[in-house]
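Read off the chains here:
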Amino acid sequence: MSRVVTILGSTGSIGKSTLDVISRHTEQYEVRALTANSDVDTMALQCQQWRPRYAVMCDESAAQRLHDVLRQQGSDTQVLSGVQGLCQVASLDDVDTVVAGIVGAAGLLPSLSAAKAGKRILLANKEALVMSGQLFMDAVAKHHAELLPVDSEHNAIFQCLPSVSDRAINKSGINKILLTASGGPFRTFTKEQLAMVTPKQAINHPNWDMGPKISVDSATMMNKGLEVIEAHWLFAVAVDDIEVIVHPQSVIHSMVSYADGSVLAQLGNPDMRTPIAHALAFPDRIFSGVEPLDIFEVAKLEFEKPDFQRFPCLSLCYEAIRMGGAASIVLNAANEIAVAAFLDNKIAYTDISVLIEQTLENVAIDQDVSTIEHILVVDHQARDIVNQYIARKQ
Ligand code: NAD
Ligand code: MG
């Protein structure tokens, strides 16, 4: 029996890697819907190749353009638009697997829609979980959805945990989650050098080929901080039991340390097709297109403690989860806006953490965030505030 798949964010790095894996197993996977924000050219090509029943462009004018292009091609793919279109294809009755590969807060509503429809969700969109942790996990449990982590570290942890269903970490003899980080392109930079870095340097990651936002997040180590929060929710583990380890080779994707002294690790070449293939086929294993790891070529594995002084975004994430309430929503929103401003050459790299800290101090953290509506209100408040700070800098 083949699995029927919706790919949210199909034109991005995760989306393309997913299609690459599926292209090796077309008898097992059927692509029902593809979605993107505004990249009509890539979407038109993907529709030509995959002939999905639905293609969604979040942007209305892009949807119109895609519609025109597809009609010219004689395609029978139906074009939908807006957040409503995204949520619709994330919850179609005949779809069983939804790849959550949209970047940022924009992925929250469609990912939640997949959870409420009880789908198998391949979660790459960590921001959705950072924003809505408890609410999202409750929706997954209530609607019997299956949440499989695609983020390489979380996929590694998932593979090293005792069993799929046993989420009571403390009862399983687990001491600690060891979350590895490459350290990003500025791992060895001094504070003075960090003040001068450009967007071009920041998006040039040494080991991973990713979209621009997560590449900047990796350069500030905000990505690792978001991943600490992601692991906290996914595996029901206290953040104090999650330790970040800088491992520049990115060969060990994370580890789990047990009471008896065992440490289990998952290794592989740094290529997202491995965790994607793992989650697509789970509990089976399929070929992903990734070369087997040549351990002799790797030869050396190094480990360092993270430097919280040079990478303050990492401590801000630990603080946000300890603060609780609205803090993680504020942190995520401020980061998204600050990263976009940095990529736009409006602020310096070192301004990113400063802006996040200021925003965290100026949005009420004790607000009610128990519903999706409340979460979105806080998200907008934080975006307004950080935008005001950035405007004052101009
Ligand atoms: P990307 O920028 O390459 O792609 C993002 C996708 O989301 C595109 O298809 C884009 O059209 C879509 N999108 C963007 N804004 C949207 C909006 N407002 N509405 C609807 N769709 C929108 O990003 P990526 O690197 O593929 O990352 C996607 C997610 O996966 C992020 O949350 C990232 O943190 C996570 N992730 C990525 C990698 C990786 O290797 N790329 C690894 C781990 C986790
Ligand atoms: Mg990761």
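So, here is what we can say about the structure in this document. Position numbers for residues count from 1 along each chain, tracking the sequence in the order it is written. The lettering of chains begins at A and the numbering of ligands begins at 1, in the order of writing. In view of the model being predicted, local features appear only for residues whose pLDDT reaches at least 70, and side-chain atom pairs are presented and counted only at 80 or more, with totals across whole chains, interfaces and linings using the full set of residues. Note: side-chain values were computed over all heavy atoms of the structure, leaving out hydrogens and water.

## Some points on the coordination of the magnesium ion (ligand 2)
Step number 1: Coordination here is defined by N, O and S atoms within 2.8 Å of the metal (3.2 Å for Na, K and Ca), and since water is not considered, a site can look incomplete. Coordination sphere of the magnesium ion (ligand 2), protein contribution only: Asp-151 (OD), Glu-153 (OE) and Glu-227 (OE), at 2.1 to 2.2 Å.
Step number 2: We note that the donor set of the magnesium ion (ligand 2) lies within a single chain, spaced as D-x1-E-x73-E. Side by side, Asp-151 and Glu-153 carry an identical accessibility label, which is buried. Here's how the labels work: a residue is buried when its accessible area is under 20% of the maximum for its type, exposed when over 50%, partly exposed in between, all with a 1.4 Å probe on protein chains only.

## Looking at the site of ligand 1
Step number 1: Among the 24 residues in the neighbourhood of ligand 1, the closest are listed as Thr-11, Ser-13, Asn-37, Glu-127 and Gly-211.
Step number 2: N or O atoms within 3.5 Å of each other form a polar contact, as long as, within protein, one can give a hydrogen and the other can take it, and as long as residues adjacent in sequence are counted only when both atoms are side-chain atoms. A distance of 3.4 Å separates an oxygen atom of ligand 1 from a polar backbone atom of Ala-124.
Step number 3: Contact with the protein chains covers 88% of the free accessible surface of ligand 1, which is 820 Å².
Step number 4: Taken together, the elements giving at least two residues each to the shell around ligand 1 come down to α1 (13–23), α6 (126–142) and α10 (212–220).
Step number 5: Grouping the constituent residues of the shell around ligand 1 by class yields 12 nonpolar, 9 polar and 3 charged. One heavy atom suffices: a residue is near a molecule or strand as soon as one of its heavy atoms comes within 4 Å of it. The accessible surface values rely on the Shrake-Rupley method and a 1.4 Å probe; as for residues, cover is taken only from the protein chains in view. Only DSSP runs of H or I reaching four residues or more are called helices, and only runs of E reaching two or more are called strands; each is numbered from the N terminus. Polarity classes work like this: nonpolar for Ala, Val, Leu, Ile, Met, Phe, Trp, Tyr, Cys and Pro, charged for Asp, Glu, Lys and Arg, and polar for all others, with Gly in that last group.

## Looking at the sheet that holds strand β5 (residues 97–100)
The pairing of strands in a sheet happens through backbone hydrogen bonds and is either parallel or antiparallel.
Step number 1: Following DSSP output, two strands are said to pair if at least two bridges run between them. The 7 strands lie next to each other as β4-β3-β2-β1-β5-β6-β7, forming an open sheet whose pairing is parallel. Edge positions in the sheet fall to β4 (78–81) and β7 (146–149), since each of these pairs with one other strand and no more. Strand after strand, the sheet turns through a mean of 20° between neighbouring axes, direction not considered.
Step number 2: In this sheet, strand β3 (residues 54–57) lies alongside strand β2 (residues 29–36) in parallel orientation, the contact comprising 4 bridges. Along β3, the bridge assignment pairs Ala-36 with Met-57.
Step number 3: In what follows, a contact means two residues having at least one pair of non-hydrogen atoms within 4.5 Å. Axis lines are fitted to C-alpha atoms, over the contacting stretch for helices. Their N-to-C directions set the angle, which ranges from 0 to 180 degrees. Contacting β1 (3–8), β2, β3, β4 and β5, helix α4 (residues 82–90) crosses the sheet at an angle of about 125° to β4.
Step number 4: Running over the sheet, helix α12 (residues 273–281) touches β1, β2, β5, β6 (120–123) and β7 and is turned about 170° from β6.

## Description of the environment of Ile-229
Step number 1: By the secondary structure assignment, Ile-229 is in helix α11 (residues 222–234).
Step number 2: The sequence separation of Ile-229 and Gln-78 amounts to 151 residues, and the corresponding C-alpha distance is 37 Å.
Step number 3: Not counting chain neighbours up to four residues away, the residues in contact with Ile-229 comprise Val-130, Cys-317, Ile-321, Ser-328 and Leu-331.

## Quick look at the pairing of β4
Step number 1: Judged from the 4 bridges that link them, β3 and β4 form a sheet pairing that is parallel. What sits directly across from Met-57, in β4, is Ser-81.
Step number 2: The handedness of a crossover follows from its direction of travel: if, with the strands pointing away from the viewer, the path from the first strand over the helix to the second runs clockwise, the crossover is right-handed. Handedness of the crossover is the feature at issue here: the chain leaves β3, passes through helix α3 (residues 60–72), returns alongside β4, and the resulting connection is right-handed.

## Considering unusual backbone geometry
Step number 1: Note the cis peptide between Phe-282 and Pro-283, where omega equals 5°.
Step number 2: Structurally, Pro-283 is set in the loop between α12 and α13 (295–298).
Step number 3: Within the chain, His-144 stands out as a residue other than glycine whose phi angle is a positive 55°.
Step number 4: One can find His-144 in the loop between α6 and β7.
Step number 5: With phi around 60°, Asn-345 is a residue other than glycine that occupies positive phi space.
Step number 6: Examined against the element boundaries, Asn-345 turns out to sit in the loop between α15 (327–343) and α16 (351–362).

## Regarding the sheet that holds strand β9 (residues 242–246)
Step number 1: Taken together, 4 strands build an open sheet; the order of strands is β9-β8-β10-β11 and the sheet is mixed. Looking at strand neighbours, the two that pair on one side only are β9 and β11 (263–267), the edges of this open sheet. This sheet shows a mean twist of 20° between the axes of neighbouring strands, independent of strand direction.
Step number 2: Pairing of strand β8 (residues 174–181) with β9, which is carried by 5 bridges, proceeds in the parallel orientation. Bridged to Leu-179 within β9 is Val-244.
Step number 3: Where helix α7 (residues 152–160) meets the sheet, it contacts β8, β10 (252–258) and β11, and its direction lies at approximately 40° from that of β10.

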